[in-house]
Amino acid sequence: MDTAPSERAIQPVFRFAPSPNGYLHLGHAYSALLNEALAAAAGGLWLLRIEDIDTTRCRPAFEQAIYEDLAWLGLSWPEPVLRQSTEQAAYRDALARLDAMGLLYPCAASRQDIAAAVARREEGGAVWPRDPDGAPRHPGLVERLSRTEAEALRSRGEPLAWRLDMERALARIAADDSPLVWTRFTAGGELSTVAAQPERWGDVVLARKDIGTSYHLSVVVDDARQGVTHVVRGKDLEPATDLHCLLQRLLGLPTPRYLHHDLIQDQAGEKLAKSRGSTALRDLRAEGLTPEDLRARLGFAPRHS
Ligand code: GLU
């Protein structure tokens, strides 16, 4: 039966968006299963998105393993899957729009330059502030390039990063009638309004030198392009939501609802990290764990009860 456009428009859309820079672990399984369960409960669907912009860390073998692990968990998703590495044009377009608003500035500093600048500032025991993701806060660390200097560097083929001028961005939205807020939802369906605090971030990099975009920019662009209405992700990304909300406002994009779930702890009570290789799903599978065992361990009801 055909569905009226107005009904189609309100179908909730969730997404699970792993990065293929390691094997999925228990925490990813929890996030994927929670997305599936909440999407089903809301009568919606969930999409799989491969966040592979970071070509320095992402590998095809890890992407393949994502498909295998999720299928093993009993999950299925609509095809084609959006792979961010093929979507550079959309990110460039968003970046150009922010640039046209005068909200970006170029930065030529390397990681080493920045680390050295931080070390100088911290010499006397002072602590240079960090963004919520641990990156040293800008501005004030390295001198800003003028546009002419940036053009000269670019004409010599030197790549540049682009940073958001947070002060200008905040000034631009300060005049808006509506406050910058996002809606938190819970598994039980309760909604609450949260005031966004993008000012807890400094001048974040929106386009990295090496890859031309960033997690923050790509995620905001794709959530909007894919019509995502509900974002379910770990608590570690909660501070990023404030920044995403700001970017959505600046770019005129809708703000989805957000649920930031607790992070699954390992036996030692520490957050799981792909980098530490802890409890990869493929290892658990090799040890004989079944998808149903895993569901039970993560607190989900049996699939066919
Ligand atoms: N790609 C991110 C990760 O693997 C998740 C991004 C998100 O859910 O917004 O941690």
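Overview of the structure. Every value quoted in this text rests on a predicted model; they were computed, and no experiment measured them.

Basis of the calculations
- Residues numbered from 1 in each chain as written.
- Predicted model: local features only at pLDDT ≥ 70, side-chain atom pairs only at ≥ 80, totals over all residues.
- Heavy atoms only, no water.
- Pairing = 2+ DSSP bridges.
- Helix = DSSP H or I, 4+ residues; strand = E, 2+ residues; numbered from the N terminus.
- Axes fitted to C-alpha atoms, helices over the stretch in contact; angles between N-to-C directions.
- Parallel < 35°, antiparallel > 145°, perpendicular 65-115°, else oblique.
- Left-handed = near helix turned anticlockwise from the far one by under 90°.
- Contact = heavy atoms within 4.5 Å.
- Nonpolar A, V, L, I, M, F, W, Y, C, P; charged D, E, K, R; others polar.
- Expected span 1.5 Å × (residues − 1).
- Buried < 20%, exposed > 50% of the residue type's maximum accessible area, 1.4 Å probe, protein only.
- Near = heavy atom within 4 Å.
- Polar contact = N/O pair within 3.5 Å; in protein donor to acceptor, adjacent residues only side chain to side chain.
- Areas by Shrake-Rupley, 256 points an atom, 1.4 Å probe, with all protein chains shown as cover.
- Core = buried A, V, L, I, M, F, W, Y, C linked by side-chain atoms within 4.5 Å.
- Salt bridge = Lys/Arg side-chain N within 4 Å of Asp/Glu carboxyl O.

Considerations on the sheet that holds strand S4 (residues 104-107)
Here comes step 1: Read from one edge to the other, the open sheet built from three strands follows the order S4-S5-S8, with strand pairing classed as antiparallel. The sheet is open, and its two edges are formed by S4 and strand S8 (205-207), each paired on a single side. Across the sheet, the axes of successive neighbouring strands diverge by a mean angle of 45 degrees, strand direction being ignored.
Here comes step 2: Two strands pair when backbone bridges link them, and S4 and strand S5 (residues 161-164) are joined in this way by four bridges, in the antiparallel orientation. By the bridge assignment for S5, leucine 104 is matched with leucine 164.

A few points about the packing of helix H7 (residues 166-174) against helix H9 (residues 238-251)
Here comes step 1: H9 packs onto H7 with a crossing angle of 60 degrees between their chain directions and a minimal axis gap of 11 Å. Relative to H9, H7 is oriented oblique. The chirality of how H7 crosses H9 is left-handed. Residues Met166, Ala169, Arg172 and Ile173 of H7 form the contact with H9, whose participating residues are Leu243, Leu246, Arg249 and Leu250.
Here comes step 2: For the contact of H7 with H9, a count of residues per class yields six nonpolar, no polar and two charged.

Some points on helix H3 (residues 60-72)
Here comes step 1: The end-to-end C-alpha distance of H3 is 18 Å, a good match for the 18 Å that 13 residues give at a rise of 1.5 Å each.
Here comes step 2: Burial in H3 covers these residues: Phe62, Glu63, Ala65, Ile66, Tyr67, Asp69, Leu70 and Trp72.
Here comes step 3: In this fold, the buried residues of H3 make contact with strand S1 (13-16), helix H2 (26-41), strand S2 (45-50), strand S3 (82-83), helix H10 (281-286) and helix H11 (291-297).
Here comes step 4: Looking one or two residues beyond H3, the residue adopting positive phi is glycine 74, at roughly 95 degrees.

A word on the pairing of strand S6 (residues 181-185)
Here comes step 1: Examined bridge by bridge, S6 and strand S7 (residues 191-195) share five bridges and lie antiparallel to one another. Bridge pairing in S7 places threonine 183 opposite threonine 193.
Here comes step 2: The turn linking S6 back onto S7 is made up of five residues, and glycine 189 within it adopts a positive phi angle of 95 degrees.

Concerning the site of the ligand
Here comes step 1: For the ligand, the full set of nearby residues is Arg15, Ala17, Pro18, Ser19, Glu51, Tyr215, Val219, Arg233 and Leu237.
Here comes step 2: Taking serine 19, its side chain carries an N or O atom lying 3.0 Å from a nitrogen atom of the ligand.
Here comes step 3: The contact in question runs from an oxygen atom of the ligand to an N or O atom on the side chain of tyrosine 215, over 2.8 Å.
Here comes step 4: The fraction of the free accessible surface of the ligand (300 Å²) that becomes covered by protein chains is 78%.
Here comes step 5: Considered class by class, the residues forming the shell around the ligand number five nonpolar, one polar and three charged.

Let's talk about the pairing of strand S9 (residues 230-234)
Here comes step 1: Within S9, five of the five residues are buried, leaving the element largely enclosed by the surrounding structure.
Here comes step 2: Pairing of S1 with S9, which is carried by two bridges, proceeds in the parallel orientation. Bridge assignment links phenylalanine 14 to a residue of S9, and that residue is histidine 230.
Here comes step 3: As judged from the five bridges shared by S9 and strand S10 (residues 257-261), these two strands associate in the parallel manner. Pairing of histidine 230 across the sheet is with arginine 257, part of S10.

Notes on the nonpolar core
Here comes step 1: Leu98, Leu104, Leu164, Leu206, Leu217, Leu246 and Leu250 are the most contacted members of the largest nonpolar core, which totals 41 residues.
Here comes step 2: Only helix H4 (88-100), helix H6 (147-155), S5, H7, S8, helix H8 (215-225) and H9 provide two or more residues apiece to this core.
Here comes step 3: At seven residues, the largest contribution of residues to this core is made by H9.
Here comes step 4: Membership of the second largest hydrophobic core comes to 30 residues, among which are Leu26, Val232, Leu281 and Phe300.

Side note on the pattern of salt bridges
Here comes step 1: Summed over all chains, the structure comprises 24 salt bridges.
Here comes step 2: For aspartate 223, the salt bridge goes to arginine 49, with nearest N and O atoms at 2.9 Å. Taken together, the residues span a long stretch of sequence, with aspartate 223 in helix H8 and arginine 49 in strand S2 at a distance of 174 residues.
Here comes step 3: Residue class for aspartate 223 comes out buried when judged on its relative accessible area of 3%.
Here comes step 4: Accessibility expressed as a relative area gives 0% for arginine 49, which makes it buried.
Here comes step 5: Across the pair glutamate 151 and arginine 154 runs a salt bridge, and its minimum N-O distance is 2.7 Å. Taken together, the positions of glutamate 151 and arginine 154, both in helix H6 and three residues apart, correspond to about one turn of that helix.
Here comes step 6: A relative accessible area of 42% places glutamate 151 in the partly exposed class.
Here comes step 7: Each of the salt bridges in this network shares a partner with another, and the network as a whole consists of Arg15, Arg49, Glu51 and Asp223.

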